[in-house]
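Take a look at the letters that make up each chain.
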Amino acid sequence: FIKTENARESSSLGSVGTRDNNTTTALPLLIMPVTESEFQTHAELVKKYKQCTNDEQLELYGWFKQATVGDCNTERPGMFDLKGKAKWDAWKSREGSGKGTAMEKYCEVVRGIQEKYD
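Owing to the predicted nature of the structure, the values given are computational and were not obtained by experimental measurement.

### Some details on the overall build of the protein chain
Turning to step 1, where the next piece is worked out: Counting secondary structure elements, the protein chain contains four helices and two strands.
Turning to step 2, where the next piece is worked out: The order of helices and strands in the protein chain, counted from the N terminus, is β-β-α-α-α-α.
Turning to step 3, where the next piece is worked out: Long-range pairs, those at least 24 residues apart, make up 57% of the contacts in the protein chain with a sequence separation of at least 6.
Turning to step 4, where the next piece is worked out: When the accessible area of the protein chain is evaluated, it comes to approximately 8300 Å², of which 54% is carbon and sulfur surface.

If you want it as structure tokens, here you go:
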């Protein structure tokens, strides 16, 4: 939260206050969507983090596939393909997320990995 002079005027998205005669007007902060270029940069950057956990790798995989392919369009792998099923499940769990959302979530995960391992 970014607090304004009047405590009742705050937003979970943040705000920028403007002051006029002891009143504060909360204005929403604009969040710029992730560009294709930023997404590709993060995709290249994450390759250097070989120590990622399986859960981190699956989260990255799910968001990457959702961002690049869209909703899961394949059958779930058979019962003996444990790795394939885990990857399919990670992708399928992102179903319905738009490309922009998926790219943003992917970049958030990469930034988290950077903070954790740098």
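From this point, the narrative continues.
### As for the environment of Asn54
Turning to step 1, where the next piece is worked out: Note that Asn54 resides in helix α2 (residues 54–68).
Turning to step 2, where the next piece is worked out: Overall, the relative accessible area of 59% leaves Asn54 in the exposed class.
Turning to step 3, where the next piece is worked out: Residues Asn54 and Ala86, 32 residues apart in the sequence, show an inter-C-alpha distance of 9.8 Å.

What counts, and at which threshold
- Along each chain, residue indices are assigned from 1 in the same order as the chain's sequence is written.
- Confidence filtering applies because this is a predicted model: local features only for residues at pLDDT of at least 70, side-chain atom pairs given and counted only at 80 or more, and all residues used for totals across whole chains, interfaces and linings.
- Calculated side-chain values reflect all of the structure's heavy atoms, with hydrogen atoms and water omitted.
- Secondary structure elements follow DSSP: runs of H or I no shorter than four residues count as helices, runs of E no shorter than two count as strands, and numbering proceeds from the N terminus.
- Any two residues having at least one pair of non-hydrogen atoms within 4.5 Å are treated as being in contact.
- The protein chains shown are the only cover counted for residues, whose accessible areas, like all others here, come from Shrake-Rupley with a 1.4 Å probe.
- Throughout this description, buried means an accessible area under 20% of the type-specific maximum (1.4 Å probe, protein chains only), exposed means over 50%, and partly exposed covers the range between.

Limitation: the analysis is restricted to geometry and does not speak to function.
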